Amino acid sequence: MMYLHRRQFLIGPQKFMLNESWKAYPVNDSTWLSCCPDLQILKAVDANGNAWYLLGLAVETLDKKVSPEREIARTQSAQVPDLYASWAGRWALVSSRHCHLDASGLLGCFYGHDSEGHLWASSSAALVAQVLFSGQSPEIDPRRLSYEAGISWYTPPCSRFAGISRLLPSQVLDLQSGKILPRPLMPEICLERDYEDILQQIQQRLVTTLQQLAQLNTELWLGLTAGYDSRLMLALSERAGIPVRPFTRITARMSVADRILPPKLAEVCQFTHIFIRNQHRYPERKRLAELQTACHVSEGDAEPFIQGIRDNLSGIAFGGHGFSVASGFAQLHTLPDAVTSAEDGARQIAHIFQEPVESSATAGIQRWLLWALEHPQKNLNWRDRAFIEQRQAGWLSSKEQLYDLTDLTRFPILNSAYLYSLLLSVRAEKRVGSSIQEDLLRQLNPQLIQYPFNPGDFYFNPLDVLTCKAQHLPQYIRLKFLKKTRSLWNSFMLRY
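S.K.: Would you mind going over the packing of helix α3 (residues 195-216) against helix α14 (residues 435-444) with me for this structure?
M.R.: For any two helices packed against each other, the geometry is given by the interaxial angle and the distance between the axes. One way to put it is that α3 packs onto α14 with a least axis distance of 11 Å and a crossing angle of 75 degrees. Comparing their axes, α14 and α3 come out roughly perpendicular. Of α14, the residues touching α3 (which contributes Y195, E196, L199, I202 and Q203) are S435, I436, D439, L440, Q443 and L444. Residues that form the contact of α3 with α14 fall into these classes: six nonpolar, three polar and two charged.

What follows is the structure in structure tokens.
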């Protein structure tokens, strides 16, 4: 069932009952947690008798530990925040005093103060705006997000609305004072750590996570392509011994490799692969996407939702996109390891993304860098940090909020602070080029490496190539034309 503000929460000085099905919980004497009934919420009481609310889906990655709620129950209040570095998933943890985010803020938290100075916080910028600007027109960032052009998200800690900020993954929100407190993005990054030990730790934790997921839901879906990340997830699923269902969604812009290789890869691991397609388009969903995300997602990024690509799936879907934390923004690799000026750093990032220096996106990057420079983490450079606190916490978090509207639960399996510290403990030259994924595949199932990764059309039989392209040729040509036109228009606008 699809309806507005599905799976969202709101924290404030009073109950917020969007409709009769919403639930409300007292966080402290002056604060209420209100949420949609479809948002998973677990209440745990720690060893000191204090209540914690776990929103969303969190899974323990360490096989020696029990579930997050059971770990909280046997832990002293002051040590509870030490537990979640090993949790994977998309979640928020709320106590009587603080709101903590998952490793890269994928559940998200927007916050602001009303006219009486009361703090409101929510996974939805739209809900915060509804409360803060009731009956008034808020000041809105005029920058329109463009798909694959410039910086295509509102850069945290900024949002689209003046007066509403977005909590960074390196921050904790004090619900009583409204202050922002720093926290490490991840455990210590150890550059001297043995590479084989890192690979073993990554493998063990991901296998454990998959086995935990299989206990939560027997219907698990894996989006499979011809690339590295999803192929590794396939091998890990085989090692975990779980009944995963690999699928590939058919689109006009997909490569021939993505049409031909996924069934062969699934067969190697003795899984049954399926293709899913949806030739329909639901124009009314464009408005629904705008309302759900408060226009924090570009139309191009919302297109799979508008087409209803995954409408027929239920259960949990996962993938391996989190490995990009290790390689970060390819565009930023030319930048120096360190930056001393937030203004200079913001200008450099804007230049690489072809974003105007005077853009609000550049201003947001500068605000983020001011915070990052004030609260550095040892061995974490600003390029890798930008990927976590901008691409993940800004762009991806809003996309995930959009897909809260659907029945399928998307689970970011690599979104774990400890896994991030493992990946970033690998020396930089080894992280670039998907070497980590390939080395793990070699250990898990060498047969999967016999097939090339994302090969060009020349690798396949010409007849197979022609057959694949012919099915979507008119739409393929149209999309190519639109993409070229969009690229030329964006270049013109940036220049003039």
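S.K.: I tried to follow the pairing of strand β8 (residues 110-113) on my own but got confused; where do I start?
M.R.: Working note: regular strand, side chains alternate between the two faces of the sheet. Sheet analysis places β8 next to strand β10 (residues 165-166), joined by two bridges and oriented antiparallel. Pairing of F110 across the sheet is with R166, part of β10. Pairing analysis gives four bridges linking β8 to strand β9 (residues 119-122), with the strands arranged antiparallel. Within β9, the residue paired with Y111 across the bridge is A121.

S.K.: What is the right way to read the sheet that holds strand β17 (residues 409-411) from this model?
M.R.: Strand order across the open sheet formed by five strands is β15-β14-β13-β16-β17, with parallel pairing between neighbours. Each edge of the open sheet carries a strand with a single partner, namely β15 (274-276) and β17. Ignoring which end each strand starts from, the neighbouring axes of this sheet average 35 degrees apart. Pairing geometry for strand β16 (residues 316-318) and β17, over three bridges, is parallel. Each bridged residue has a counterpart across the sheet, and for I316 the counterpart in β17 is T409.

S.K.: Quick question: what am I supposed to make of the confidence of the model for the protein here?
M.R.: Any residue range with low pLDDT should be treated as having predicted coordinates unsuitable for detailed reading. Per-residue pLDDT for the protein averages 91, and the proportion of residues at 70 or more is 94%. This stretch, residues 473-478, has a pLDDT under 50; its non-local contacts, to residues over four places away or in other chains, come to three contacts.

S.K.: Explanation requested: the packing of aromatic side chains in the structure shown.
M.R.: Aromatic rings considered in pairs are described by the distance between their centres and by the relative angle of their planes. Inspection of the entire model under this criterion finds 11 aromatic pairs. Ring centres of F305 and Y403 lie 6.3 Å apart, and the angle between their planes is 90 degrees; this geometry places the pair in the edge-to-face category. In this pair, F305 sits in helix α7 (residues 299-307) while Y403 sits in the loop between α11 (382-402) and β17, placing the two residues 98 residues apart along the sequence. An identical accessibility class is assigned to F305 and Y403; each is buried. These aromatic residues form a ring-pair network of at least three members: Y84, W87 and W91. In this structure, R259 packs its charged tip against the face of F275, placed 5.6 Å from the ring centre. A cation over an aromatic ring shows up here: R285 above the ring of Y282, its NZ or CZ 4.4 Å from the ring centre.

Conventions we followed
- Residues numbered from 1 in each chain as written.
- Predicted model: local features only at pLDDT ≥ 70, side-chain atom pairs only at ≥ 80, totals over all residues.
- Heavy atoms only, no water.
- Axes fitted to C-alpha atoms, helices over the stretch in contact; angles between N-to-C directions.
- Helix = DSSP H or I, 4+ residues; strand = E, 2+ residues; numbered from the N terminus.
- Parallel < 35°, antiparallel > 145°, perpendicular 65-115°, else oblique.
- Contact = heavy atoms within 4.5 Å.
- Nonpolar A, V, L, I, M, F, W, Y, C, P; charged D, E, K, R; others polar.
- Pairing = 2+ DSSP bridges.
- pLDDT = per-residue confidence, 0-100.
- Phe/Tyr/Trp six-rings, centres within 6.5 Å; stacked < 30°, edge-to-face > 60°.
- Buried < 20%, exposed > 50% of the residue type's maximum accessible area, 1.4 Å probe, protein only.
- Lys NZ or Arg CZ within 6 Å of the ring centre and 35° of its normal.

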